[in-house]
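Structural features, examined
Residues per chain are reported as follows:
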Amino acid sequence: MTDALLPNGIKATRGETNPFRKGCNPFAQTGRSKLQNKRATLNQQIIKQMRMRAGAENLLKATSNNKVKEMVLLELSYVNSNLQLLMGQLEGLNSSVEVYQSTQETANIPLIALGLKETKEVDFSSPFKDFILEHYSEDGNCFDEEIADLMDLRQACRTPSRNEAGVELLAKYFSHLPLMESRFFSPTRMTGIFFTWYDSFTGVPVCQQNLSLEKASNLFNMAALYTQIATRSNRQTIVGLKEAISSFQKAAGILNQLKETFTHTPSYDMSPAMLSMLIRMMLAQAQECLFEKMALPGIPNQFLSLLKMAQEAAKVSEIYDHVHQSMIQTPVKDNVPLFWSTMSQVKTNHYRSMAHYFVASALLDHQLGPSDDEDQQEKTLSQVYDRLPEGRSPLDILKKKEERERIGKAHIRRAIRGHEEALRIYGLCYHLNKLEILQDILKASHQRSLNKYTDHESEEEFCDYMEAPDIISKTENKAEMEVPAATKVKVTDFFQRLGPLSVFSAKQRWTAPRTICLRPEDRDLGFTLKGESPVQVVSLDPLCPAAAEGLKEGDFIVAVGDTDCKWMSVSDLMRLLKDVNEEGIDIKVVSMMDNNPPMPTKSATFCGNLPKTYSMICLAYDDDDKNPKSRKVSKKSSFISWGLKNRLKSASTLSLPTADQSGTLPWNKPCPTFPSSSSYNDSVLY
């Protein structure tokens, strides 16, 4: 993969000469960039077909003409066929694992990587400038550079490099999102910014006006990037295997964080069921890499070592079996690529067969000698089996050559059957057949088991159909979820010139800046200052000239003369006011206003660019209703204003109800919702 630097076209600040952010060149004709470009094209084609289908369904409902109905039904059949073909092509992209593999990978089974979610470009310029002017009473054009930096950062996150620098890039943008939310996303008004992301499995677009979808999708891409780093690692070296193990564990940790934090994301690839399956798959691939790490230096041809590796292989098989079971459950099975579920089946049978091969080698190739530790071998063999054939004990198997050979051959026969099943399943999937390296590995393992059986086959021996017992899975190094430190990156707020977030945020309300002329009397200004930045006026003398000019107790000083002092401390501000002469100096102050009870955020989610697909209603819930003693007596509203307020309370919001099913909560009352579409109901989204 060729990584390139993308300059943002803006003047470097603070003496910087390098481009602003690093990202992969989207025009580089590499395998991964071509794959992402194909994904973006498919997403556009899918949304076009979905719009046509929605229009045809609406026409079908509206018309009563039988001839028109026949034409519409015919058109619907074409559209649905096209959608099926596009979904198949998208599944093919999700099955293209060879693009993400290391170029040196020639002897290991390919691993599965997640593709990055695609998104549309977002223009923050006009909405942010308008909000800065209206809410912060400042000229939005003065923040052109900060807005451009933010847009460049988001654009670079669409094509991150496949290394730690790319992860850090996504983490920086993720850390900026809470700051941006505090600055510009008010609970009482919408910014008019729509964030659109495409489902990585179905290609269905989901659109929201709040930042929940943006945060969740960014986390998903961070996990996807870790999986791509893992599959790119050179698994022929210990260092490469360690990198792959760590990356898969970090991907699982981020996906788990996404599952626990964003529980109502209206995109199917980030639903709880799908995320649970992805977490299991990442941990299974990490466990597979741990097994390869143990086997890389070579497996000693010793009784105890072979039994240990048999249990390790059985553990990998068991985890992949759990992954496959989660893939075939409803509703996950409807959207998981067939390639993924087939690959998990193949690996389940392959590693189970390897476990039986190792046990067979331990029993057939080694005899209990006088120098061997009989107690240790007996203990190890007893831990391999959950149950032994009737009338046999571990010591009998170790001491009797006939028993060792009989059970060893049973294991090798079961290994052969497992390898044959893996090859059969491999042949059922079209996309899996493209992986020639996988076929070579499966055939080589099958041939090795056949050779082992041939070496110990006797012509005089009668057919023995004894079934080999199951092998207990066990591992010394279990793959665990790991939350990377990269998800928490300290960043500098792009819009820190607006002032400290504790006061100057979208949730707070204050008056427009007022100019006060300070004239000292006997070197006394008539008030004192306190607090961190911004500095607050306290102990105001009501008879001083400043009070006569309009200064109030509790005002925040935002400027002294032409100097902005939102971030100044008390001592810095006192130095500015220390030498004020009789002519005085102008200061600018703002007064905090009482925040009205926040109205519910109006935010509908659009799927497939159809504004009818997903909406939930939650009414504002006032905590004051819980405690009647603390309720304040308010002036009764007139009849006209009462009707207006009740109409505002029925605003729709994307916030889903909590687990509290108490009948006293306002959202348990019947509320109007957006009209639903038969084609895009909740089952499509989840």
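Residues numbered from 1 in each chain as written. Predicted model: local features only at pLDDT ≥ 70, side-chain atom pairs only at ≥ 80, totals over all residues. Heavy atoms only, no water.

Section: the overall build of the chain
- The secondary structure content of the chain amounts to 18 helices and twelve strands.
- A burial count over the chain gives 48% of its 686 residues as buried.
- By sequence separation, contacts in the chain at least 24 residues apart represent 77% of the contacts at least 6 residues apart.
- Approximately 34,300 Å² of the chain is accessible, and the part contributed by carbon and sulfur atoms is 51%. (Helix = DSSP H or I, 4+ residues; strand = E, 2+ residues; numbered from the N terminus. Buried < 20%, exposed > 50% of the residue type's maximum accessible area, 1.4 Å probe, protein only. Contact = heavy atoms within 4.5 Å. Areas by Shrake-Rupley, 256 points an atom, 1.4 Å probe, with all protein chains shown as cover.)

Observations concerning unusual backbone geometry
- The omega torsion across Thr330 and Pro331 is 5°, close enough to zero to call that bond cis.
- Mapped onto the secondary structure, Pro331 falls in the loop between α9 (303-327) and α10 (338-364).
- One non-glycine residue, Ser539, lies in positive phi territory at about 50°.
- Position of Ser539 among the secondary structure elements: in the loop between β7 (536-538) and α15 (545-549).
- Overall, the relative accessible area of 51% leaves Ser539 in the exposed class.

So, the nonpolar core
- With 128 residues, the main nonpolar core has Phe124, Met180, Leu278 and Trp340 as its most contacted residues.
- Discounting chain neighbours no more than four positions away, the residues touching Phe124 are Ile147, Leu150, Met151, Arg154, Tyr173, Met180, Ile193 and Phe195.
- Listed in part, the 20 residues of the second largest apolar core include Leu518, Leu540, Cys544 and Val589. (Core = buried A, V, L, I, M, F, W, Y, C linked by side-chain atoms within 4.5 Å.)

Topic: the environment of Leu501
- Tracing the chain through its elements places Leu501 in the loop between α14 (436-455) and β5 (514-518).
- Put simply, Leu501 and Arg183 are 318 residues apart on the chain and 7.4 Å apart in space, counted from C-alpha to C-alpha.
- The contact partners of Leu501, leaving out residues within four places of it in the chain, are Leu179, Ser182 and Arg183.

Points about the side chain of Thr202
- Within the fold, Thr202 resides in the loop between β3 (195-198) and β4 (205-208).
- Residue classification places Thr202 among the buried positions, given a relative accessible area of 10%.
- Other than its neighbours up to four places away in sequence, Thr202 contacts Ile46, Met87, Leu90 and Asn335.

So, the packing of helix α3 (residues 125-135) against helix α4 (residues 144-156)
- Here α3 crosses α4 at 140°, and the two axes come no closer than 10 Å. Relative to α4, the element α3 lies oblique. Crossing of α3 over α4 shows right-handed handedness. Between α3 and α4, the residues in contact are Ser125, Phe128 and Lys129 and Asp144, Ile147, Leu150 and Met151, respectively. (Axes fitted to C-alpha atoms, helices over the stretch in contact; angles between N-to-C directions. Parallel < 35°, antiparallel > 145°, perpendicular 65-115°, else oblique. Left-handed = near helix turned anticlockwise from the far one by under 90°.)

Points about the pairing of β4
- What you see with β4 is no split at all: Pro205 and Cys207 on one side and Val206 and Gln208 on the other are buried throughout.
- Two elements, β3 and β4, share four bridges in a ladder whose sense is antiparallel. Bridge pairing in β4 links Thr196 to Cys207.
- Hairpin connection between β3 and β4: a loop of six residues separates the two successive antiparallel strands, and Gly203 in this loop has a positive phi of roughly 75°. (Pairing = 2+ DSSP bridges.)

Re the pattern of salt bridges
- According to the stated counting rule, one finds 22 salt bridges in the structure shown.
- Residue Arg183 pairs with Asp493 through a salt bridge whose shortest N-O separation is 2.8 Å. Taken together, the positions of Arg183 in helix α5 (residues 164-184) and Asp493 in the loop between α14 and β5 put the pair 310 residues apart, joining distant regions of the chain.
- Residue Lys315 pairs with Glu318 through a salt bridge whose shortest N-O separation is 3.5 Å. With Lys315 and Glu318 both in helix α9 and three residues apart, this pair spans about one turn of that helix.
- Owing to a relative accessible area of 15%, Lys315 belongs among the buried residues under this scheme.
- Because the salt bridges share partners, they merge into one network encompassing Glu138, Asp564 and Lys566. (Salt bridge = Lys/Arg side-chain N within 4 Å of Asp/Glu carboxyl O.)

Structural notes on the confidence of the model for the chain
- Averaged over all residues, the pLDDT of the chain equals 79, while 77% of them reach at least 70.
- No element of the chain has a lower mean pLDDT than helix α18 (residues 682-685), which averages 35, and none a higher one than helix α8 (residues 272-295), which averages 95.
- A low-confidence stretch, residues 600-604 (pLDDT under 50), is modelled with 24 contacts involving residues beyond four sequence positions or located in other chains.
- Counted against residues more than four places away or in other chains, residues 608-686, with its pLDDT under 50, gives 116 contacts. (pLDDT = per-residue confidence, 0-100.)

Examining helix α11 (residues 374-384)
- Within α11 the residues assigned to the buried category are Gln377, Thr380, Leu381 and Val384. The buried residues of α11 all sit within an arc of 95° when viewed along its axis, so they share a single face. (Arc of directions from axis to C-beta.)

Brief notes about the pairing of strand β8 (residues 556-560)
- Counting buried residues in β8 gives five out of five residues, a clear majority hidden from the surface.
- Two elements, β8 and strand β10 (residues 585-590), share four bridges in a ladder whose sense is antiparallel. When the sheet's bridge partners are listed, Phe556 is paired in β10 with Val590.
- As paired elements, β8 and strand β9 (residues 563-564) share two bridges and run antiparallel to each other.

A closer look at the environment of Asp493
- The buried category is assigned to Asp493, whose relative accessible area is 14%.
- Considered as a pair, Asp493 and Met180 are 313 residues apart in the sequence and their alpha carbons are 8.2 Å apart.
- Among all residues touching Asp493, those that are not within four sequence positions of it are Leu179 and Arg183.
- Of the polar contacts made by the side chain of Asp493, one reaches the side chain of Arg183; its length is 2.8 Å.
- Polar side-chain contacts of Asp493 include one of 3.1 Å to the backbone nitrogen of Phe495. (Polar contact = N/O pair within 3.5 Å; in protein donor to acceptor, adjacent residues only side chain to side chain.)

What to know about the packing of aromatic side chains
- One pass over the structure, following the stated rule, counts 14 aromatic pairs.
- For the ring pair Phe131 and Phe184, a centre distance of 6.0 Å and an interplane angle of 65° mean the geometry is edge-to-face. With a gap of 53 residues between them, Phe131 in helix α3 and Phe184 in helix α5 connect regions that are remote in the sequence. Just as Phe131 is buried, Phe184 falls in that class too.
- Taken together, the aromatic side chains of Phe124, Phe128, Phe131, Tyr136, Phe143, Phe184, Phe185, Phe195, Phe495, Phe504 and Trp510 make up a single cluster linked through ring pairs.
- Above the ring of Tyr357, the side-chain terminus of Arg448 is found at 4.4 Å from the ring centroid.
- A cation over an aromatic ring shows up here: Arg497 above the ring of Phe143, its NZ or CZ 4.3 Å from the ring centre. (Phe/Tyr/Trp six-rings, centres within 6.5 Å; stacked < 30°, edge-to-face > 60°. Lys NZ or Arg CZ within 6 Å of the ring centre and 35° of its normal.)

Quick look at a negative patch on the surface
- Negative charge collects at one region of the surface, where Glu521, Asp522, Asp524 and Asp541 lie side by side.
- Examined against the element boundaries, Asp522 turns out to sit in the loop between β5 and β6 (528-530). (Patch = residues over 30% accessible without salt bridge, like charges linked within 9 Å, V, L, I, M, F, W, Y side chains within 5 Å. Lys, Arg positive; Asp, Glu negative; His and termini not counted. Charge placed at Lys NZ, Arg CZ, Asp CG, Glu CD.)

Brief notes about the packing of helix α7 (residues 238-261) against α8
- Orientation of α7 relative to α8, taken along the N-to-C sense of each, is 165°, at an axis distance of 9 Å. Taken as axis vectors, α7 and α8 run roughly antiparallel relative to one another. Once α7 is placed against α8, the crossing between them reads as left-handed.

Let's talk about the side chain of Lys129
- Note that Lys129 resides in helix α3.
- Using a relative accessible area of 18% as the deciding quantity, one classes Lys129 as buried.
- Every residue in contact with Lys129, bar those within four places of it in the chain, is listed here: Gly140, Asn141, Asp144 and Ile147.

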